[in-house]
Every structure is written in C-alpha cells, then in structure tokens.
Amino acid sequence: MSKSEQAVVHRQLEELQKKDWKTLSMDEKKAAYYVAFGPHGPRAPVSPPGQGLKVFLFTMGLVGVAGLLSMAIRSQAPPPPKTITREWEEASNERAREQKSNPITGISSEGYSGKGFVVSK
C-alpha cells in the first residue's frame, strides 16, 4: 500500500473506533487492533527470523578461537618458578618460624593453626 492509501485506511479505522465496539464486525476489530498493535513502524521486528542462531554460532566460534589462542600462548610460556612447589612453601613456613615472623597473630604466634605460606595443593 502506498502512504496515501495507508493514511486513508487509518482515518477510516479511527472513525470506526469512535463508534460502539459492539456494532463493529470482527474484521473491523482485527484491522483496528493490527493498526494499533501490529508489527509495523516502531513495533516492527528489529532482526529477521533466524538471526539469533547466527549470533549464537558466531559467538561460540569467537569463544572457541579465543580458547585456542589462549592455549597456544600458554604452550609457549616458560615452566613455573621453583618457588611455587609445596616443598618450597613449607620451607618458607619453617624459616618464618625460625625468624619469629609476625609473633602476635601470624605463623610464629602460640596456637597458630593456619596454613602459613602453603597455598599450592
């Protein structure tokens, strides 16, 4: 429909809506409802059907590429330092006790029951 025909139909429906709704036919009621609430103008769908699947697949593809890139970068990383081993952390605990580090609430305090410097499993 051209813009002028749409305007004419819109005006006719406005006139019909001013009447008693009980006297309108079912087709006139459907047309009035469509003009008021139909998928046109600002209520038109923003994306075409099937767009959600494309967005999901593209997003999953990008997440996969990011994962592969992360794995590639990590494979080129040097080995972890020797100070991350459990033995080193336990030795750090012993050294802290020998030096009486943090004697009030820390590892050298009486009745201390925490892990100290041990954080690795």
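These numbers were taken from a predicted model, which means no experiment stands behind them.

Draft legend 1. Geometry of the overall build of the protein chain. Looking only at helices and strands, one finds 4 helices and 0 strands in the protein chain. Ordered by position from N to C terminus, the α and β elements of the protein chain give α-α-α-α. Computed over its C-alpha atoms, the radius of gyration of the protein chain comes to 37 Å, more than 25% above the 14 Å expected for a compact globule of 121 residues. Viewed in the frame of its principal axes, the protein chain has a C-alpha envelope of about 95 × 40 × 20 Å. A sequence separation of at least 24 residues applies to 30% of the contacts in the protein chain between residues at least 6 apart. Accessible area of the protein chain: about 10,500 Å², with a carbon and sulfur share of 63%. Treating the 17 positive side-chain charges of the protein chain as one cloud and the 12 negative ones as another, the clouds have centres 3 Å apart.

Draft legend 2. Up close: the environment of Ile104. Among the secondary structure elements, Ile104 is positioned in the segment after α4 (86-98). Of the residues examined, Ile104 reaches a relative accessible area of 72% and is grouped as exposed. Through-space distance from the C-alpha of Ile104 to that of Glu90 is 20 Å; in sequence the pair is 14 residues apart.

Draft legend 3. Quick look at the confidence of the model for the protein chain. The predicted model of the protein chain averages 87 in pLDDT, with 100% of residues at 70 or higher. Within the protein chain, helix α1 (residues 3-18) has the poorest average pLDDT of any element, 82, and helix α3 (residues 51-75) the best, 97.

Draft legend 4. Structural detail: a nonpolar patch on the surface. Side chains of Leu53, Phe56, Leu57, Met60 and Val63 sit close together on the surface and give an oily, nonpolar patch of about 510 Å² of accessible area. We classify Leu53 as exposed; its relative accessible area is 56%.

Draft legend 5. Fine view of the pattern of salt bridges. Considering all chains together, one arrives at 3 salt bridges under this definition. Lys18 is paired through a salt bridge with Glu15; the nearest N and O atoms lie 3.6 Å apart. In this pair, Lys18 and Glu15 both sit in helix α1, 3 residues apart, roughly one turn of the helix. Given the relative accessible area of 48%, Glu15 is considered partly exposed. A salt bridge links Glu90 to Arg86; the shortest N-O distance between them is 3.3 Å. In this pair, Glu90 and Arg86 both sit in helix α4, 4 residues apart, roughly one turn of the helix. Glu90 gets classed as partly exposed once you look at its relative accessible area, which sits at 37%. On the accessibility criterion, Arg86 (37% relative accessible area) is partly exposed.

Draft legend 6. Quick peek at the packing of aromatic side chains. Enumeration over the complete set of coordinates arrives at 1 aromatic pair. Residues Tyr33 and Phe37 carry aromatic rings whose centres are separated by 5.1 Å and whose planes lie at 45 degrees to one another, so their mutual orientation is tilted. Here Tyr33 pairs with Phe37, and both are found in helix α2 (residues 26-37), just 4 residues apart, close to one helical turn. An identical accessibility class is assigned to Tyr33 and Phe37; each is exposed.

The rules behind each value
Numbers given to residues run from 1 along each chain, matching the order in which its sequence is written. Local features in a predicted model are, by the rule used here, given only for residues with pLDDT of at least 70; side-chain atom pairs are given and counted only at 80 or more, and totals for whole chains, interfaces and linings are based on all residues. As a rule here, side-chain values cover all heavy atoms of the structure and leave hydrogens and water aside. Think of it this way: any DSSP run of H or I at least four residues long counts as a helix, any run of E at least two long counts as a strand, and we number them from the N terminus. For a compact globule the rule gives 2.2 Å times the number of residues to the power 0.38, and the radius of gyration it is set against comes from C-alpha atoms. Contacts were defined at the residue level, with two residues in contact if any of their heavy atoms lie within 4.5 Å. In short, Shrake-Rupley with a 1.4 Å probe defines the accessible areas, and a residue's cover is counted only from the protein chains shown. Positive charges come from Lys and Arg, negative ones from Asp and Glu, while His and the chain ends are left out of the count. Where a charge lies is defined by one atom per residue type: Lys uses NZ, Arg uses CZ, Asp uses CG and Glu uses CD. Burial status follows relative accessibility: with a 1.4 Å probe on protein chains alone, a residue under 20% of its type maximum counts as buried, one over 50% as exposed, and anything between as partly exposed. Values of pLDDT, the confidence the predictor places in each residue, fall between 0 and 100. Note that patches include only residues with greater than 30% relative accessible area and no salt bridge, and the join distances are 9 Å for like charges and 5 Å for nonpolar side chains (Val, Leu, Ile, Met, Phe, Trp, Tyr). The working definition used for a salt bridge is a side-chain nitrogen of Lys or Arg within 4 Å of a carboxyl oxygen of Asp or Glu. Any Phe, Tyr or Trp ring, taking Trp's six-membered ring, that has another such ring centre within 6.5 Å forms a pair; planes under 30 degrees apart are called stacked, those over 60 apart edge-to-face, and the others tilted.

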